[in-house]
Amino acid sequence: MNMAAILLLILKISIILCVFAIGLKATFADVTYLFRRPAQLVRALLSLNVLMPLFALALSYAFDLNPAVKIALVALSVSPIPPIFPNKAFKAGGTESYTIGLLAATAALSVILIPLTMEICEKLTGVQLAMRARSVFALVLMTVLLPLLVGIGVRRLAPKLGDRIASPLAKIALGLLVVSALPVLIGMARPMLSLIGDGTILGLSAFALVACVVGHLLGGPEPANRTTLALATASRHPAVALAIAHANFPDQKLATPVIFLYLILSLVLSGVYLAWAKRQDVAHPAGETNHAVKV
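**Quick notes on the overall build of the protein chain**
Then, in step 1: Each helix and strand in the protein chain was counted, giving 13 helices and 0 strands.
Then, in step 2: For the protein chain, the sequential pattern of α-helices and β-strands runs α-α-α-α-α-α-α-α-α-α-α-α-α.
Then, in step 3: The globule rule puts the C-alpha radius of gyration for 295 residues at 19 Å, and the 18 Å found for the protein chain is close to it.
Then, in step 4: Referenced to the eigenvectors of the C-alpha coordinate spread, the extents of the protein chain come out at roughly 55 × 50 × 35 Å.
Then, in step 5: Taking the intrachain contacts of the protein chain between residues at least 6 apart in sequence as the baseline, contacts between residues at least 24 apart amount to 85%.
Then, in step 6: One way to put it: in the protein chain the 23 positive side-chain charges average out to a point 8 Å from where the 11 negative ones average out.

**Here's the deal with the side chain of S235**
Then, in step 1: Note on placement: S235 falls in the loop between α11 (223-234) and α12 (238-248).
Then, in step 2: Classification of S235 as buried rests on a relative accessible area of 8%.
Then, in step 3: Within the local environment of S235, its side chain forms a polar contact with the side chain of K88, the two groups lying 3.3 Å apart.
Then, in step 4: Setting aside residues up to four positions removed in sequence, S235 forms contacts with P80, I81, P82, F85 and K88.

**Considering the packing of helix α10 (residues 200-218) against helix α13 (residues 255-279)**
Then, in step 1: Remark: α10 packs on α13, axes separated minimally by 9 Å, with the N-to-C direction vectors making an angle of 45 degrees. Overall, the two elements α10 and α13 adopt an arrangement that is oblique. The element α10 and its partner α13 pack so that their crossing is right-handed. Between α10 and α13, the contacting residues are T200, I201, L204, S205, F207, A208, L209, C212 and H216 on the first element and V258, L261, Y262, L265, S266, L269, S270, Y273 and W276 on the second.
Then, in step 2: Classifying every residue of the contact of α10 with α13 gives 13 nonpolar, 5 polar and no charged.

**Brief notes about α12**
Then, in step 1: Of the residues making up α12, those classed as buried are V240, A241, L242, I244, A245 and N248.
Then, in step 2: Against α4 (67-78), α6 (96-125), α7 (133-157) and α13 lie the buried residues of α12.

**Quick notes on the pattern of salt bridges**
Then, in step 1: By the definition in use, this model includes 2 salt bridges.
Then, in step 2: As a salt-bridge pair, D163 and K25 come within 3.4 Å of each other at their nearest N and O atoms. Remark: K25 occurs in the loop between α1 (3-23) and α2 (28-31) and D163 occurs in helix α8 (residues 159-187); sequence separation between them is 138 residues.
Then, in step 3: For E119, the salt bridge goes to K123, with nearest N and O atoms at 3.8 Å. Separated by 4 residues within a single helix, E119 and K123 lie in helix α6, roughly one turn from each other.
Then, in step 4: Exposure remark for E119: the relative accessible area of 42% places this residue in the partly exposed category.

**Examining the packing of α12 against α13**
For any two helices packed against each other, one specifies the inter-axial angle together with the distance between the axes.
Then, in step 1: Where α12 contacts α13, the axes come no closer than 10 Å and their chain directions differ by 155 degrees. For the element pair α12 / α13, the angle class is roughly antiparallel. Crossing hand, α12 versus α13: right-handed. On α13, the residues touching P238, A241, L242, A245 and H246 of α12 are A255, T256, I259, F260 and L263.
Then, in step 2: Tallied by class, residues from the contact of α12 with α13 come to 8 nonpolar, 2 polar and no charged.

**Examining the packing of aromatic side chains**
Then, in step 1: Overall, the coordinates contain 2 aromatic pairs when judged by the stated rule.
Then, in step 2: Consider the rings of F207 and Y262, whose centres lie 5.6 Å apart with planes at 75 degrees: the pair is edge-to-face. Of this pair, F207 sits in helix α10 while Y262 sits in helix α13, placing them 55 residues apart in sequence. Like Y262, F207 is buried.
Then, in step 3: Here Y273 and W276 contribute two aromatic rings whose centre-to-centre distance is 6.1 Å and whose plane-to-plane angle is 40 degrees, an arrangement assigned as tilted. With a gap of 3 residues between them, Y273 and W276 both fall in helix α13, about one helical turn apart.
Then, in step 4: Residue class for W276 comes out partly exposed when judged on its relative accessible area of 36%.

**Examining the confidence of the model for the protein chain**
Then, in step 1: Counting all residues, the mean pLDDT for the protein chain is 88, and 95% of those residues have values of 70 or more.
Then, in step 2: Across residues 285-295, where pLDDT falls below 50, the model places 32 contacts with residues more than four positions away in sequence or in other chains.

**A look at the nonpolar core**
Then, in step 1: Membership of the largest hydrophobic core comes to 72 residues, with the highest contact counts inside it found for L73, L102, L204 and I244.
Then, in step 2: In this structure, L204 is in contact with V69, L73, V258, L261, Y262 and L265, ignoring residues within four places of it in sequence.
Then, in step 3: Membership of the second largest hydrophobic core comes to 11 residues, among which are A26, V31, I100 and A173.

**What to know about the environment of L73**
Then, in step 1: Here L73 lies in helix α4.
Then, in step 2: Given the relative accessible area of 0%, L73 is considered buried.
Then, in step 3: With 164 residues separating them in the primary sequence, L73 and H237 have C-alpha atoms 12 Å apart.

Criteria and thresholds
- Residues numbered from 1 in each chain as written.
- Predicted model: local features only at pLDDT ≥ 70, side-chain atom pairs only at ≥ 80, totals over all residues.
- Heavy atoms only, no water.
- Helix = DSSP H or I, 4+ residues; strand = E, 2+ residues; numbered from the N terminus.
- Rg over C-alpha atoms; globule rule 2.2 N^0.38 Å.
- Contact = heavy atoms within 4.5 Å.
- Lys, Arg positive; Asp, Glu negative; His and termini not counted.
- Charge placed at Lys NZ, Arg CZ, Asp CG, Glu CD.
- Buried < 20%, exposed > 50% of the residue type's maximum accessible area, 1.4 Å probe, protein only.
- Polar contact = N/O pair within 3.5 Å; in protein donor to acceptor, adjacent residues only side chain to side chain.
- Axes fitted to C-alpha atoms, helices over the stretch in contact; angles between N-to-C directions.
- Parallel < 35°, antiparallel > 145°, perpendicular 65-115°, else oblique.
- Left-handed = near helix turned anticlockwise from the far one by under 90°.
- Nonpolar A, V, L, I, M, F, W, Y, C, P; charged D, E, K, R; others polar.
- Salt bridge = Lys/Arg side-chain N within 4 Å of Asp/Glu carboxyl O.
- Phe/Tyr/Trp six-rings, centres within 6.5 Å; stacked < 30°, edge-to-face > 60°.
- pLDDT = per-residue confidence, 0-100.
- Core = buried A, V, L, I, M, F, W, Y, C linked by side-chain atoms within 4.5 Å.

Structural data, given as structure tokens:
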């Protein structure tokens with residue numbers, strides 16, 4: 001096994017452990033939270049799966065971006081939120097039920113929504129696009145749904161054990177994530193730097209900022225939910241985005257560094273949004289208890 005394969009394995013383990021640790025602090029009621037509140041679910045899907053793909057297509061048509069950037073924008077726009085998103089949302093004041101419910105709902109529905117959205121994008125652009133539901137299901141099952149449900153099951157069967165191991169597991173997961181992700185980012189540095197100065201930074205930044213605004217506006221009356229949906233709309237599952245890009249445009253090698261560049265930019269710009277949100281007193285949870293897994 002070469003070093004790249006080892007790093008990929010460590011990365012997968014870190015993500016699974018992270019979601020498992022989140023599950024140790026969650027309940028089945030959290031998982032089904034949005035399914036029991038259809039108005040909130042519709043607003044979330046509108047933000048994540050309708051408006052942002054349309055904006056990605058508009059950016060691609062309006063500006064002369066690198067083809068790899070256009071591919072990455074569309075791939076990111078149809079991808080669900082990343083598995084480690086809840087910890088980010090909790091630290092920003094997100095409530096457990098809404099955050100876990102958003103993670104579970106977008107992951108489960110992505111099996112239907114991603115192929116459907118790709119088909120619509122194909123009709124709008126005339127470019128042949130596809131993503132098999134089976135491939136999406138395998139990704140979200142292994143990185144989100146299965147470890148989350150197993151963690152919840154352990155908590156239900158052995159609550160004391162779950163409480164005891166949740167935080168240590170979350171810290172181990174974070175350490176493994178850093179160890180595996182840093183070499184990848186360093187290896188991507190040169191191709192990412194090659195994208196500076198051709199409109200890539202501006203296009204990706206526009207996508208992240210508009211995502212925050214759209215999520216904030218559609219998050220509903222609860223300040224914590226607005227913040228959570230804003231961050232979720234700007235945060236996308238990189239593995240799903242990469243799978244979509246590679247499945248449809250295997251010869252576009254720059255799509256991978258573009259997606260990694262977006263991850264960095266969205267992290268920075270989400271921080272800018274959070275600073276503004278806190279000043280506007282919209283980052284405080286209301287009506288629910290936050291049970292974040294502290295890392």
